[in-house]
Amino acid sequence: MSSFERKFGKYAIQNLSFILVFCYGVGYLLQLMDRSNTLLSFLTLNPYAILHGQVWRLVTWILIPPPGSGGLFLTLIMLYFYCSIGTSLERTWGTYRYNVYLFQGMLFTVLGSFLLMGYCYLFQADVVAQSTPEIFFTYISLVFSTYYINMSIFLAYAATFPEAQVLLMFLIPIKVKWLGIIYGIMLAFEFLGSSVFYKFAIAASLLNFLVFFLTSRNMMHLNPKQIHRRQEFKRDVRRNTGITKHKCAICGRTEVDSPQMQFRFCSKCDGNYEYCEEHLYTHTHIKRS
């Protein structure tokens with residue numbers, strides 16, 4: 001993943017948790033204003049409708065609030081909680097890795113919806129035909145919401161910060177690892193006792209966490225300070241032993257010191273002098289006498 005990060009890390013979206021929480025909030029507002037869910041029905045992750053031209057559903061499904069959500073107060077608490085743990089994960093993992101985790105979960109969810117459609121055509125073709133594909137897939141598309149994405153975020157948080165404490169019901173201190181175990185057991189029972197439609201949605205989110213767990217076992221028992229020291233150590237090793245491609249002629253910074261920094265050569269200087277974006281337009285041009 002490090003090679004991909006070096007190549008695509010600059011495109012990672014910072015503060016992605018705030019963007020997701022904003023989308024969640026928009027979805028709740030739409031649900032409050034549209035009691036009949038007419039508008040929301042055009043935003044759900046409906047693979048049948050996507051294949052018939054409604055491609056916006058590949059993105060707009062993240063606006064769909066989970067079924068059976070609580071009132072306004074509980075909704076605000078939930079939004080604040082997931083914004084908080086998402087921000088903590090981004091600071092610990094780094095923006096790129098956190099982006100990969102979230103977008104990977106969304107991709108698995110989209111793939112799960114199409115696999116579910118294929119399953120229905122193969123094994124429940126008579127049920128699909130009874131109500132027409134348009135109505136049938138509009139109904140089952142409601143099982144794909146942000147709920148299981150949120151659960152995968154919390155499970156990742158519990159695995160990363162197992163000793164962190166939260167106040168259960170604002171009163172009882174409990175370690176996050178126990179809540180993670182409880183939620184994991186709840187998801188397992190929900191998977192076993194739910195319909196095949198929900199099984200696909202749950203499996204997609206659990207697959208995302210499973211991939212994270214298998215690729216992050218060496219970081220599971222490190223606290224944020226230890227992870228930060230490990231990243232600083234690797235950066236120092238690269239700085240002292242590696243060969244850099246870019247180096248500012250003024251401050252000496254390289255792409256290892258500042259991965260997001262842009263470096264450019266100055267056409268007005270005599271010779272191959274390269275500068276970082278902070279000194280590109282402020283340096284004194286070097287002229288040969």
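Residues numbered from 1 in each chain as written. Predicted model: local features only at pLDDT ≥ 70, side-chain atom pairs only at ≥ 80, totals over all residues. Heavy atoms only, no water.

1. Regarding the pattern of salt bridges
Reasoning step 1: Tallied over the entire structure, the rule returns two salt bridges.
Reasoning step 2: Across the pair Glu-163 and Lys-175 runs a salt bridge, and its minimum N-O distance is 2.7 Å. Here Glu-163, found in the loop between helix 9 (147-160) and strand 1 (165-168), pairs with Lys-175, found in strand 2 (residues 172-175); they are twelve residues apart in sequence, far enough to count as distant.
Reasoning step 3: Between Glu-163 and Lys-177 there is a salt bridge, and its shortest N-O distance comes to 3.2 Å. Of this pair, Glu-163 sits in the loop between helix 9 and strand 1 while Lys-177 sits in helix 10 (residues 176-193), and the two are 14 residues apart along the sequence.
Reasoning step 4: Salt bridges sharing common partners tie together Glu-163, Lys-175 and Lys-177. (Salt bridge = Lys/Arg side-chain N within 4 Å of Asp/Glu carboxyl O. Helix = DSSP H or I, 4+ residues; strand = E, 2+ residues; numbered from the N terminus.)

2. Overview of the state of the cysteines
Where two cysteines share a covalent bond between their sulfur atoms, that bond is called a disulfide.
Reasoning step 1: Overall, the coordinates contain zero disulfides when judged by the stated rule.
Reasoning step 2: Residue Cys-251 stays outside any disulfide, its sulfur separated by 3.6 Å from that of Cys-248, the closest cysteine.
Reasoning step 3: Residue Cys-251 is classed as partly exposed on the basis of its relative accessible area of 36%. (Disulfide = S-S within 2.5 Å. Buried < 20%, exposed > 50% of the residue type's maximum accessible area, 1.4 Å probe, protein only.)

3. Considerations on unusual backbone geometry
Reasoning step 1: If you check the backbone angles, Asn-15 has positive phi at about 55 degrees while not being a glycine.
Reasoning step 2: For Asn-15, the position within the fold is in the loop between helix 1 (2-8) and helix 2 (16-33).
Reasoning step 3: When its relative accessible area of 41% is taken as the criterion, Asn-15 is described as partly exposed.
Reasoning step 4: Its identity is not glycine, yet Thr-132 carries a phi of approximately 70 degrees, on the positive side.
Reasoning step 5: Mapped onto the elements, Thr-132 comes out in the loop between helix 7 (125-131) and helix 8 (133-140).

4. Remarks on the environment of Phe-265
Reasoning step 1: With respect to the helices and strands, Phe-265 occurs in strand 3 (residues 263-265).
Reasoning step 2: Each C-alpha atom, one on Phe-265 and one on Ala-249, is 9.8 Å from the other, the two residues being 16 residues apart in sequence.
Reasoning step 3: Contact partners of Phe-265, with chain neighbours within four places excluded, come to Asn-272, Tyr-273, Glu-274 and Leu-280. (Contact = heavy atoms within 4.5 Å.)

5. Topic: the environment of Phe-161
Reasoning step 1: Its location among the elements puts Phe-161 in the loop between helix 9 and strand 1.
Reasoning step 2: Overall, Phe-161 belongs to the buried group, its relative accessible area being 12%.
Reasoning step 3: Considering only alpha carbons, one finds Phe-161 and Ile-85, 76 residues apart in sequence, at a separation of 9.9 Å.

6. A word on the packing of helix 10 against helix 11 (residues 196-215)
Reasoning step 1: In the contact formed by helix 10 and helix 11, the axes pass within 9 Å of each other and the chain directions differ by 150 degrees. Note that helix 10 runs across helix 11; the crossing there is left-handed. Across the interface between the two elements, Leu-187, Glu-190, Phe-191 and Leu-192 of helix 10 pack against Lys-199, Ile-202, Ala-203 and Leu-206 of helix 11.
Reasoning step 2: Of the residues in the contact of helix 10 with helix 11, the class split is six nonpolar, no polar and two charged. (Axes fitted to C-alpha atoms, helices over the stretch in contact; angles between N-to-C directions. Left-handed = near helix turned anticlockwise from the far one by under 90°. Nonpolar A, V, L, I, M, F, W, Y, C, P; charged D, E, K, R; others polar.)

7. Here's the deal with the confidence of the model for the protein chain
Reasoning step 1: Of the residues in the protein chain, 86% reach a pLDDT of 70 or more, and the chain-wide mean stands at 80.
Reasoning step 2: Element-level mean pLDDT values for the protein chain span from 57 in helix 12 (residues 224-241) up to 93 in helix 3 (residues 47-51). (pLDDT = per-residue confidence, 0-100.)

8. Describing the packing of aromatic side chains
Reasoning step 1: Following the criterion strictly, the structure yields 13 aromatic pairs and no others.
Reasoning step 2: Their ring planes at 75 degrees and their centres at 5.4 Å tell us that Phe-81 and Tyr-82 sit as a pair that is edge-to-face.
Reasoning step 3: Given the relative accessible area of 28%, Phe-81 is considered partly exposed.
Reasoning step 4: A ring pair is formed by Tyr-147 and Tyr-148, whose centres lie 4.9 Å apart and whose planes are at 75 degrees; its orientation type is edge-to-face.
Reasoning step 5: Looking at Tyr-148, the relative accessible area reads 5%, which means it is buried.
Reasoning step 6: By the ring-pair criterion, three or more aromatic residues cluster together here, those being Tyr-48, Tyr-121, Phe-136, Phe-137 and Phe-197.
Reasoning step 7: Here Arg-97 stacks its cationic end above the ring of Trp-93, 4.9 Å away from the centre of that ring.
Reasoning step 8: It is Lys-199 that lies over the ring of Phe-191; its NZ or CZ is 5.6 Å from the centre. (Phe/Tyr/Trp six-rings, centres within 6.5 Å; stacked < 30°, edge-to-face > 60°. Lys NZ or Arg CZ within 6 Å of the ring centre and 35° of its normal.)

9. Observations concerning the side chain of Thr-160
Reasoning step 1: Tracing the backbone through its elements, the reader meets Thr-160 in helix 9.
Reasoning step 2: Of note is the side chain of Thr-160, whose polar atom sits 3.5 Å from the side chain of Trp-93.
Reasoning step 3: At 2.8 Å, the side chain of Thr-160 forms a polar contact with the backbone oxygen of Ala-156. (Polar contact = N/O pair within 3.5 Å; in protein donor to acceptor, adjacent residues only side chain to side chain.)

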